[in-house]
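# Descriptive analysis of the structure
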Amino acid sequence: MSLASAWVLASGLVMVAYTYLGYPLLLILLGGLRGRRRTPGLPARWPALSILLPVHNEETVIRETLENLLQLDYPGPRPQIVVVSDASTDGTDAIVSAFAGRGVQLLRLPRRSGKTAAENAALPLLSGEIIVHTDASVRVERGALKPLIASFGDPTVGVASSHNVSVARIDEHANYAESWYVGYDMWVRDLETRVSGIVGAAGCFYAARAAIHREPLLDGLSPDFAAALIAREQGLRTVSVRNAVCFVPRIPSLSREYRRKVRTIARGWHTLHFKRGLLNPFRYGAFAWILASHKVSRWLMPHVAMVVLATLAWRAQGEPGALVGVGIAGVAMLCGGLGWVWPEGRRLPRVLAVPAYVVIGNLAALHASLRAVSGEPTPTWEPTRREAVRPLEVG
């Protein structure tokens, strides 16, 4: 094997190992050296809240979502709930209007504008000191709001994010591995919180100080990602709150998961470009390192994989080890293809589900990167249609 190809392969393996193993290990080390931060106690005065819920054609779930929000345990003033309908064309608006007597406000946009524009349109209506963001497709644990809001007792906290739990009706459908990835990501976020703070809130359930939320965003940007970046610009941290549990129904189809990831990562690239100054380690220190490691390294992983695979293919004729590597990649791609076409109602064996999820996720990141670089506008927000789970089953 030539020196150049050996260097390429070694560099690729090092980057993979750093992104998914070395980086968390460094976080553990730094977190241990820094010591645990003091957890804020319950506040003497609970702040006023505004819960913001953007929706589009959610008639099948919106009633249960609003019932869930109205039953959240919060000892402070009754939270203001504002539902922004992004020009829904089904029965969503009528269902929301029926909750007016229980304090739910409906703001209907006359034409489709996307999630970011919907949240911007709601700004004049929001009266809370803390703005809570959530999605129609998730279920928030009844006691999750108190620890989320209590974290703002630390004056350095600007945004607080939930601890997501992936749930499903059946455990082994095509997108089984989403549960594994969500668990891994939540673990990394806990480690980042101990060091400096996370670099993006969980979009399904997070809270931000009103001063952070009231900065309007350009269309095509990701509000949950931008919230953490704006907070850091203001000298504040974004934290993951382990006791603020949000149940996220799993998307049962890998093809639908692919399209979701393309949308979210493409918007993520645009958001990162908009706030690219935060990658400056001389000004933002550990946050810049965490931002590059958590976001940029993961999003660049498929590009690294392509270079490594091309190098292995070039060496396969004369190197048995390279041929084995190409074979493994081929099997993984086959698993990805099977996962793509696998029927939603049938179980995909776990031995296939994990490599299929990895392949589909990296192809989506590659597609999103190319879309962002080409300058192609981000598609209009489409809420993620997740499987309905009754009762919620952690998986």
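Residues numbered from 1 in each chain as written. Predicted model: local features only at pLDDT ≥ 70, side-chain atom pairs only at ≥ 80, totals over all residues. Heavy atoms only, no water.

## A word on the packing of aromatic side chains
The full count for this structure, using the stated rule, is 11 aromatic pairs. Relative to Tyr 23, the ring of Tyr 18 lies with its centre 6.2 Å away and its plane at 50°, an arrangement referred to as tilted. Judged by its relative accessible area of 26%, Tyr 18 falls in the partly exposed class. A centroid spacing of 6.4 Å and a plane angle of 20° characterise the contact between Trp 180 and Tyr 184, whose relative ring orientation is stacked. (Phe/Tyr/Trp six-rings, centres within 6.5 Å; stacked < 30°, edge-to-face > 60°. Buried < 20%, exposed > 50% of the residue type's maximum accessible area, 1.4 Å probe, protein only.)

## Some words on the nonpolar core
A general tendency of soluble globular proteins is for nonpolar side chains to be buried together. In terms of nonpolar packing, the biggest core is built from 38 residues, with Leu 66, Leu 145, Ile 149 and Phe 205 touching the most fellow members. When residues of this core are assigned to their parent elements, the largest contribution, 5 residues, is made by strand 8 (residues 237–249). Apart from the residues lying within four places of it in its own chain, the contact partners of Phe 205 are Val 132, His 133, Thr 134, Val 140, Ala 144, Leu 145, Leu 148, Ser 161, Ser 162 and Cys 246. Counting residues in hydrophobic clusters, the runner-up holds 24 residues, among them Ala 288, Ile 290, Trp 299 and Ala 368. (Core = buried A, V, L, I, M, F, W, Y, C linked by side-chain atoms within 4.5 Å. Helix = DSSP H or I, 4+ residues; strand = E, 2+ residues; numbered from the N terminus. Contact = heavy atoms within 4.5 Å.)

## So, the confidence of the model for the protein chain
Averaged over every residue, the pLDDT of the protein chain is 88; the share at 70 or more is 93%. Ranking the helices and strands of the protein chain by mean pLDDT puts strand 7 (residues 205–209) first, with 97, and helix 12 (residues 320–341) last, with 80. Segment residues 389–395 is flagged for pLDDT under 50; beyond a separation of four residues in sequence, or across chains, it makes 21 contacts in the model. (pLDDT = per-residue confidence, 0-100.)

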